[in-house]
Amino acid sequence: MAMERALMRLVRAQALRASSSIGVLQRGPVGSASPLQQVREYVVSSSPSDGVSRTDLSVRQPVWQQWIRRYAAGSGEPGVVVVPFMGESIEDGSLAAILKQPGDAVAVDEIIAQIETDKVTIDVRSDVAGKIEEILCKEGDTVKAGTQLARVAVGEAGATSDAPKKEAAPAPPVKEEEKSAPPLPPKTATASSASPNKDAPSPPKQSSPEPAQPKSISGTEVHMPTKGGERRVPMTRLRKRVATRLKDSQNTFALLTTFNEIDMSNLMQMRTQHKDLFQEKHGVKLGFMSGFVKAAVSALKQFPAVNAVIDGDDIIYRDYVDISIAVGTAKGLVVPVIRGADHLNFAQIEKTINTLGKKANDGSISIDDMAGGTFTISNGGVYGSLISTPIINPPQSAILGMHSIQKRPVVAGNDIVVKPMMYVALTYDHRLIDGREAVLFLRAVKDNVEDPRRLLLDI
């Protein structure tokens, strides 16, 4: 009884707060009903001065039930699998794959389907164990959070073991029919030779494959048949998103790129000398990316405009550094973020990159892993790129491009020596970053990488 009264007071307080914006709270005739019944009879309606009848706008259900339905991920029906919440900025997605079919057994938290969004691939899992009764959507459908995908018969997983046995029984008769099929062609041949009326089906059989080939072959294939056919495949949502963002970057920003080259001798020597001890202590390999991240963090502190962003008529300067790392995957380009990179050491950066890289490649990366970021580093050198002009990742203002390391003759003092060199590129938004700042920033990155001791001394 005390709990019911407390619930009624809570509902009244919440409903009175909501009444200021959506209408007035009115209680229906309750008579001598219990307090819980009084709670159920509270309805939300507009004021009488609006000219709308209270009956039309009344919601005949408990207010607490409305709250539950508003925030719950499920459908409220037992055994119904729905699309989960996909993120604040994601309205819908495409049903990329259905991993279970009607009659298949499913366990709790087992993946039933996968939804492809603009940013990540989301797994749809079953919250009950049983047998799939019905698939309510098909691959390629656009679905939203709360859309029903499948119905599961709770606790009927054992029935699936009988289904394969029953399906296996009719298989032998089919094979017997297939065995009896080969002698049929000679019978039809003799019948066709005996009756001229049965000769008619044969010309269509000969003519049908001939027009089928031109229909499936485009005009370019007719002119160049030796190069094979063409396939039309719809773009994935991730590919569409990347294409849109990159084109918007070109259309919005005043893109300009400056270049420099870095002598990698000292960083490579440090890596060779300490990589074994580093891996033994920290459990992760020492790569070049952590050196460039630390070098970029130091340079961003010297030139805060590179870490800033334009927002309307204002400039937002960030007092933190979140480095985005561009990672190419089979599904497309993703850019996970190393948060608080200005507070991480070499080992912490390498561990974070290793974790984010694995998640990106196996498709388990989440939206939270890619949200934010103040500056991006893209390493095209892993694919053999010698030099390129990277495109800014909106809404950031600059991106650093790394490239492959090649031994080249360079002048050192009065001598010409062979050193491992890397071209680096900085693409920046010229609306915010002047050429002087961009060149000095890239020069600071160069100095830090060529002499890693500067990072320890913070100079």
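Before any of the text, the structure's been laid out above.
Notes on the structure in this doc start here. What you see is a predicted model; the values in this text were computed from it and never measured.

**Some details on the overall build of the chain**
1) Next: For the chain, the helix and strand inventory stands at 17 helices and 21 strands.
2) Next: For the chain, the share of sequence-separated contacts (at least 6 apart) that also reach a separation of at least 24 residues comes to 59%.
3) Next: Approximately 27,400 Å² of the chain is accessible, and the part contributed by carbon and sulfur atoms is 54%.

**Section: the packing of aromatic side chains**
1) Next: Inspection of every chain in the model, using the stated rule, returns one aromatic pair.
2) Next: Judged by centre distance (5.5 Å) and plane angle (65 degrees), the rings of Phe375 and Phe441 are edge-to-face. You can see Phe375 sitting in strand 18 (residues 375-379) and its partner Phe441 sitting in helix 16 (residues 435-450), a full 66 residues away along the chain.
3) Next: Among the residues examined, Phe375 registers a relative accessible area of 0% and is labelled buried.
4) Next: In this structure, Arg271 is placed above the aromatic ring of Phe288, and the distance from its NZ or CZ to the ring centre is 5.1 Å.
5) Next: Sitting over the face of the ring of Tyr423, Arg408 holds its NZ or CZ atom 4.1 Å from the ring centroid.

**Considering the pattern of salt bridges**
1) Next: Summed over all chains, the structure comprises 10 salt bridges.
2) Next: Ionic pairing is found between Asp123 and Arg125, a salt bridge with its closest N-O pair at 3.8 Å.
3) Next: With relative accessibility at 29%, the residue Asp123 sits in the partly exposed group.
4) Next: Using a relative accessible area of 39% as the deciding quantity, one classes Arg125 as partly exposed.

**Remarks on the packing of helix 13 (residues 289-302) against helix 16**
Packed helix pairs are specified by the crossing angle of their axes together with the interaxial distance, meaning the distance between the axes.
1) Next: Where helix 13 meets helix 16, the closest approach of the two axes is 8 Å, and the angle between their N-to-C directions is 140 degrees. In terms of axis orientation, helix 13 runs oblique to helix 16. Note that helix 13 runs across helix 16; the crossing there is right-handed. Touching Phe292, Ala295, Ala296, Ser298, Ala299, Leu300 and Gln302 of helix 13 are Phe441, Ala444, Val445, Asn448 and Val449, all from helix 16.
2) Next: Split into classes, the residues belonging to the contact of helix 13 with helix 16 amount to nine nonpolar, three polar and no charged.

**So, unusual backbone geometry**
Across residues other than glycine, the phi torsion is negative in most instances, and most of the peptide bonds are trans.
1) Next: Omega for the peptide link from Pro394 to Pro395 comes to 5 degrees, which places this bond in the cis form.
2) Next: Along the chain, Pro395 falls in the loop between strand 18 and strand 19 (398-402).
3) Next: Even without being a glycine, Asp109 presents a positive backbone phi close to 70 degrees.
4) Next: Given the relative accessible area of 47%, Asp109 is considered partly exposed.

**What about the environment of Thr352?**
1) Next: Position of Thr352 among the secondary structure elements: in helix 14 (residues 346-362).
2) Next: The class for Thr352 is partly exposed, based on a relative accessible area of 24%.
3) Next: When the C-alpha positions of Thr352 and Ile338 are compared, they lie 6.7 Å apart, and in sequence the two are 14 residues distant.
4) Next: Those residues in contact with Thr352 that lie beyond four places of it in its chain are Ile338 and Leu344.

**Topic: the side chain of Asn307**
1) Next: Here Asn307 shows up in the loop between helix 13 and strand 12 (309-311).
2) Next: On the basis of relative accessibility, which here comes to 3%, the residue Asn307 falls in the buried class.
3) Next: There is a polar contact of 2.7 Å between the side chain of Asn307 and the side chain of Thr374.
4) Next: Not counting the four nearest positions on each side in its chain, Asn307 is found in contact with Leu300, Arg318, Tyr320, Val321, Thr374 and Phe375.

**Let's talk about the sheet that holds strand 6 (residues 111-116)**
1) Next: Taken in spatial order, the four strands line up as 7-6-4-9 in an open sheet, and their pairing is antiparallel. This sheet does not close on itself; its edge strands, each paired only once, are strand 7 (121-125) and strand 9 (142-144). Taken over all neighbouring pairs, the strand axes of this sheet differ in orientation by 45 degrees on average, direction set aside.

**Focus on the pairing of strand 20 (residues 405-412)**
1) Next: Pairing between strand 20 and strand 21 (residues 415-429): eight bridges, direction antiparallel. By the bridge assignment, Arg408 is partnered in strand 21 with Lys419.
2) Next: Linking strand 20 to strand 21, which pair antiparallel, is a turn of two residues; within it Gly413 sits at a positive phi near 70 degrees.

**As for the environment of Leu400**
1) Next: Relative to the helices and strands, Leu400 is located in strand 19.
2) Next: Residues Leu400 and Thr257, spaced 143 residues apart in sequence, show a C-alpha to C-alpha distance of 9.6 Å.
3) Next: With residues near it in sequence (within four places) discarded, Leu400 still touches Phe292, Phe375, Thr376, Ile377, Ser378, Val424, Ala425, Leu426, Leu442 and Val445.

**Observations regarding the side chain of Asp342**
1) Next: Considering the arrangement of structural elements, one finds Asp342 in the loop between strand 17 (337-338) and helix 14.
2) Next: With no salt bridge to any partner, buried Asp342 finds its closest opposite charge in Lys301, at an N-O distance of 5.1 Å.
3) Next: Non-local contacts of Asp342, meaning those with residues more than four positions away in its chain, are made with Val297, Lys301, Asp319, Tyr320 and Val321.

Conventions adopted
- Residues numbered from 1 in each chain as written.
- Predicted model: local features only at pLDDT ≥ 70, side-chain atom pairs only at ≥ 80, totals over all residues.
- Heavy atoms only, no water.
- Helix = DSSP H or I, 4+ residues; strand = E, 2+ residues; numbered from the N terminus.
- Contact = heavy atoms within 4.5 Å.
- Areas by Shrake-Rupley, 256 points an atom, 1.4 Å probe, with all protein chains shown as cover.
- Phe/Tyr/Trp six-rings, centres within 6.5 Å; stacked < 30°, edge-to-face > 60°.
- Buried < 20%, exposed > 50% of the residue type's maximum accessible area, 1.4 Å probe, protein only.
- Lys NZ or Arg CZ within 6 Å of the ring centre and 35° of its normal.
- Salt bridge = Lys/Arg side-chain N within 4 Å of Asp/Glu carboxyl O.
- Axes fitted to C-alpha atoms, helices over the stretch in contact; angles between N-to-C directions.
- Parallel < 35°, antiparallel > 145°, perpendicular 65-115°, else oblique.
- Left-handed = near helix turned anticlockwise from the far one by under 90°.
- Nonpolar A, V, L, I, M, F, W, Y, C, P; charged D, E, K, R; others polar.
- Polar contact = N/O pair within 3.5 Å; in protein donor to acceptor, adjacent residues only side chain to side chain.
- Pairing = 2+ DSSP bridges.
- Lys, Arg positive; Asp, Glu negative; His and termini not counted.

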